[in-house]
Amino acid sequence: MSPDEMDSEVNFMKTYSIMEWEKLTKLNNDRKSLNQKITLGLATREEFLKQIKTELNMLDTCQLKIEQELKENNTEYLDTEILTILSNRINDMYTTMFHLFPVVKTSLSEYIEFCSNNILFITRCSIMLDTLMLRYHSDPEVYLTAATYAFDDRNDIESARRYFAEGLKYHENCKNLYVEEFWVEVQHLEKTEGASLPIAIEKYRSLIKRFEGDIEFHFILLDRAIKLSAVRELQCNVVRDMVKKYSHSELMWQKLAKIHFDGFIYHKETEQLHYDKNYINGIRNCIKTYEDGLKENLPLQNKHKLWNFYIDHVIEIRKSYRMKKETIRNFMNETMERAFQEAHDNKALCKAEQYIYWADNTIQDYDKIMRNAVEVIKDDVDIWVNLITCYLNYDSLDMIIEAFQEGVRALQSKSLPLWKILIFYLGNTHPKLLQQLYHEGSHFPFPEINFIIRPEYLAWNVVHNGILSTRELFTKLRAIKPECKQLYMSMITFEQNQNSGITKLKTIRKLYNDVCNTFGDTDIEVWSECIRFECIHGSSNLVKEIFKASMRCLVKDLRSTMTEEFEKLKKEFLEYDPKDEGVIVINDDE
């Protein structure tokens, strides 16, 4: 700063009590220190950013103070030279930083925002950007940020074009730069009411030539082109080229159907595009486009993909708010019936949710569609559940059993929902068959199933056949490999609940002994439950022995956790007296 500027700043700070003298002195010392480091080449980017932030805060404070003074004193004039001084200092700091260090997008964006907010005081932003954009920047977003600012904020299409050109000179494979450059031309075309069409068309032509065969890139250009209404001729060119170049692709037919749905109707015969506000016409043209595409000589795999695009879009339309009118509902109902049936006949319907939606929304027999579904998609749980549930409504045992057996064979380890459905149904309707089903489920060769069924079978048996029968059944079920921990824990619970609180100590100890020996190398819970049982019902003398046994049996990584658990149990039962529980202890089962 010049001496006059320094005097003006100090005078303003003192007059309006912006900053205490000590803080202002420190601020000036920090400024001097940074200037010295700049001179010596020792300044860092972080130091610049920190000082810029301080100066910005000062600028905001002064602006607020000036606004307050103007309002409170009802005056139209106040010396605002301080704002120019601070703004130019900040601008100079940004300029120096950009010359000393590589420009990054965040800093450039902050600088542009600063210039936009202080346009009355800063007039050199565009000059600065022109200078910066002539340099190489490793991040292409730097050029994009500058070009967007030039066009959006300064309405300077020529500068925006220059910045894009410089960026693409260094980043010739950056698709995003090409796309955003095209988007600026589209917006400019709208602003000039079509006057810049030759430039926009030329830019578009060069892009599709450069990225020839890149259908996704073509879609991106189309999405940008149809955002604005007054660029119809450009839009028509983009759609026409898409249809001609990619008619062999199912993705093109899906894209064309989608823009038809949005009201952009392309007539293949006349090669013209127009916008139709009537959403019903959009839906009809969308459906027709899918059906036209399916008539094309596409490879089978691609045609199946197009069928799925079609089906999913039909579902989307039928779920949308556009189904309010009866005419369109009737049209879409007819379309759904035809589309789903033809897709199934062409072996192109391959999603479970599509079959389920069809069955839920058709006038056809639900079970017929679900039968078709399980023939096509054999390993989907939801389809089998829906089929068996349908037969439950018919209360047809033969149909239910047949579907259950087919489903279990198809699903194997994923078939648990089917077992649960049939167990519930037989429990309410055919209890004599339930035991046979439990037996089969207990021996089903997948732990995902039999681990669940075995404890359930045991629980059912204790209710219906008593404890003696359940002990025999437990012996049979525990022999099935792999052994099931929950089976043991359930049996222990049943033994503890017998005879109004009489605990058969020897029987339960034997069960705990077996479960600890079987699972105790990796399972702390079985040891904890065993100790808890002895604390409540058994012998406190055995508790330490059980803990010692757990230390020998558990893998090394779990021993410290078991020690912590044992300490918790000791605190829990420190003052516990088993005699107070009212439990009759029988030392053996004789």
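Predicted model only: the values in this text are computed from it and were never measured.

## Concerning the overall build of the protein
Phase 1 of the analysis: Secondary structure assignment for the protein yields 28 helices and 4 strands.
Phase 2 of the analysis: Taken over the C-alpha atoms alone, the protein extends approximately 110 × 80 × 50 Å along its principal axes.
Phase 3 of the analysis: In the protein, of all internal contacts separated by at least 6 residues, the share reaching a separation of at least 24 is 61%.
Phase 4 of the analysis: For the protein, the distance from the average site of its 76 positive side-chain charges to the average site of its 93 negative ones is 3 Å.

## Digging into the packing of helix 6 (residues 125-133) against helix 7 (residues 140-152)
Phase 1 of the analysis: Running from N to C, helix 6 and helix 7 point in directions that differ by 150°, and their axes come no closer than 11 Å. As summarised for this structure, helix 6 and helix 7 are arranged roughly antiparallel, according to the angle between their axes. Crossing of helix 6 against helix 7: the hand is left-handed. On helix 7, the residues that touch Cys125, Leu129 and Met133 of helix 6 are Val142, Tyr143, Ala146 and Tyr149.

## Considering the packing of aromatic side chains
Phase 1 of the analysis: Counting across every chain of the model gives 28 aromatic pairs.
Phase 2 of the analysis: Ring geometry for Tyr178 versus Phe211: centroids 5.4 Å apart, planes at 75°, classification edge-to-face. Remark: Phe211 occurs in the loop between helix 10 (197-210) and helix 11 (215-225) and Tyr178 occurs in helix 9 (residues 175-191); sequence separation between them is 33 residues.
Phase 3 of the analysis: Each ring, one from Tyr438 and one from Trp460, has its centre 5.8 Å from the other, and the planes form 40°; the classification is tilted. Taken as a pair, Tyr438 in helix 22 (residues 431-442) and Trp460 in helix 23 (residues 447-478) lie far apart in primary sequence, 22 residues in all. Grouping residues by exposure puts Tyr438 and Trp460 together as buried.
Phase 4 of the analysis: The cationic tip of Lys191 hangs over the ring face of Phe151; the distance from NZ or CZ to the ring centre is 4.1 Å.
Phase 5 of the analysis: A cation over an aromatic ring shows up here: Arg322 above the ring of Phe261, its NZ or CZ 4.3 Å from the ring centre.

## Topic: the nonpolar core
Phase 1 of the analysis: Counting 187 residues, the largest nonpolar core has Leu108 and Leu234 as its most contacted members.
Phase 2 of the analysis: When residues of this core are assigned to their parent elements, the largest contribution, 10 residues, is made by helix 23.
Phase 3 of the analysis: Setting aside its immediate chain neighbours within four residues, Leu234 contacts Phe182, Val186, Leu189, Leu197, Ala200, Ile201 and Tyr204.

## Re unusual backbone geometry
Phase 1 of the analysis: Omega for the peptide link from Lys481 to Pro482 comes to -5°, which places this bond in the cis form.
Phase 2 of the analysis: Secondary-structure assignment places Pro482 in the loop between helix 23 and helix 24 (485-496).
Phase 3 of the analysis: We note that Glu193 has phi near 55°; this positive angle belongs to a residue other than glycine.
Phase 4 of the analysis: Looking at the element boundaries, Glu193 is found in the loop between helix 9 and helix 10.
Phase 5 of the analysis: Using a relative accessible area of 72% as the deciding quantity, one classes Glu193 as exposed.
Phase 6 of the analysis: Located in the positive-phi region is Gln412, a residue other than glycine, with phi close to 55°.
Phase 7 of the analysis: What makes Gln412 partly exposed here is its relative accessible area of 39%.

## Points about the side chain of Thr289
Phase 1 of the analysis: Considering the arrangement of structural elements, one finds Thr289 in helix 14 (residues 279-295).
Phase 2 of the analysis: For Thr289, a relative accessible area of 3% translates into the label buried.
Phase 3 of the analysis: A distance of 2.6 Å separates the side chain of Thr289 from the side chain of His260, its partner in a polar contact.

## Side note on the pattern of salt bridges
Phase 1 of the analysis: This model, assessed by the stated rule, comprises 31 salt bridges.
Phase 2 of the analysis: Glu55 is paired through a salt bridge with Arg89; the nearest N and O atoms lie 3.3 Å apart. In this pair, Glu55 sits in helix 3 (residues 45-72) while Arg89 sits in helix 4 (residues 81-100), placing the two residues 34 residues apart along the sequence.
Phase 3 of the analysis: Under the relative-accessibility criterion, Arg89 is labelled buried at 11%.

## A closer look at the pairing of strand 2 (residues 272-275)
Phase 1 of the analysis: Looking at chain direction, strand 1 (residues 264-267) and strand 2 are connected through 4 bridges and run antiparallel. Looking at the pairing, Ile265 lines up with His274 of strand 2.
Phase 2 of the analysis: Hairpin connection of strand 1 to strand 2: 4 residues between the antiparallel strands, including Glu271 at a positive phi of 60°.

## What about the confidence of the model for the protein?
Phase 1 of the analysis: Of all residues in the protein, 95% have pLDDT values of 70 or greater, and the mean over the chain is 90.
Phase 2 of the analysis: Confidence over residues 576-590 falls short of pLDDT 50; this stretch has 25 contacts with residues more than four positions distant or in other chains.

## Points about the environment of Tyr512
Phase 1 of the analysis: By secondary structure assignment, the location of Tyr512 is in helix 25 (residues 505-519).
Phase 2 of the analysis: Note on Tyr512: relative accessible area 5%, which makes it buried.
Phase 3 of the analysis: Along the backbone, Tyr512 and Tyr366 are 146 residues apart, and their C-alpha atoms lie at a distance of 51 Å.
Phase 4 of the analysis: The residues touching Tyr512, leaving out its near neighbours within four places in the chain, are Met489, Ile492, Val526, Glu529, Cys530 and Phe533.

## Quick word on helix 7
Phase 1 of the analysis: The terminal C-alpha atoms of helix 7, which comprises 13 residues, lie 18 Å apart, in line with the 18 Å expected from a rise of 1.5 Å per residue.
Phase 2 of the analysis: Buried residues dominate helix 7, accounting for 10 of its 13 residues.
Phase 3 of the analysis: Buried within helix 7 are the following residues: Pro140, Val142, Tyr143, Leu144, Thr145, Ala146, Ala147, Tyr149, Ala150 and Phe151.
Phase 4 of the analysis: Residues of helix 7 that are buried in the fold lie against helix 5 (105-117), helix 6, helix 8 (157-170) and helix 9.
Phase 5 of the analysis: Near the N-terminus of helix 7, the side chain that reaches the backbone nitrogen of Glu141, with its oxygen 3.0 Å away, is that of Asp139.

## Section: the packing of helix 8 against helix 9
Phase 1 of the analysis: The N-to-C vectors of helix 8 and helix 9 enclose an angle of 165°; their axes lie 10 Å apart at closest approach. Judged by the inter-axis angle, helix 8 sits roughly antiparallel to helix 9. Along this stretch, helix 8 crosses helix 9, giving a crossing that reads as left-handed. Across from Ile157, Arg161, Phe164, Gly167 and Leu168 in helix 8, the residues of helix 9 making contact are Leu177, Tyr178, Glu180, Glu181, Val184, Glu185 and His188.
Phase 2 of the analysis: Partitioned by chemical class, the residues of the contact of helix 8 with helix 9 number 6 nonpolar, 2 polar and 4 charged.

Analysis parameters
- Residues numbered from 1 in each chain as written.
- Predicted model: local features only at pLDDT ≥ 70, side-chain atom pairs only at ≥ 80, totals over all residues.
- Heavy atoms only, no water.
- Helix = DSSP H or I, 4+ residues; strand = E, 2+ residues; numbered from the N terminus.
- Contact = heavy atoms within 4.5 Å.
- Lys, Arg positive; Asp, Glu negative; His and termini not counted.
- Charge placed at Lys NZ, Arg CZ, Asp CG, Glu CD.
- Axes fitted to C-alpha atoms, helices over the stretch in contact; angles between N-to-C directions.
- Parallel < 35°, antiparallel > 145°, perpendicular 65-115°, else oblique.
- Left-handed = near helix turned anticlockwise from the far one by under 90°.
- Phe/Tyr/Trp six-rings, centres within 6.5 Å; stacked < 30°, edge-to-face > 60°.
- Buried < 20%, exposed > 50% of the residue type's maximum accessible area, 1.4 Å probe, protein only.
- Lys NZ or Arg CZ within 6 Å of the ring centre and 35° of its normal.
- Core = buried A, V, L, I, M, F, W, Y, C linked by side-chain atoms within 4.5 Å.
- Polar contact = N/O pair within 3.5 Å; in protein donor to acceptor, adjacent residues only side chain to side chain.
- Salt bridge = Lys/Arg side-chain N within 4 Å of Asp/Glu carboxyl O.
- Pairing = 2+ DSSP bridges.
- pLDDT = per-residue confidence, 0-100.
- Expected span 1.5 Å × (residues − 1).
- Nonpolar A, V, L, I, M, F, W, Y, C, P; charged D, E, K, R; others polar.

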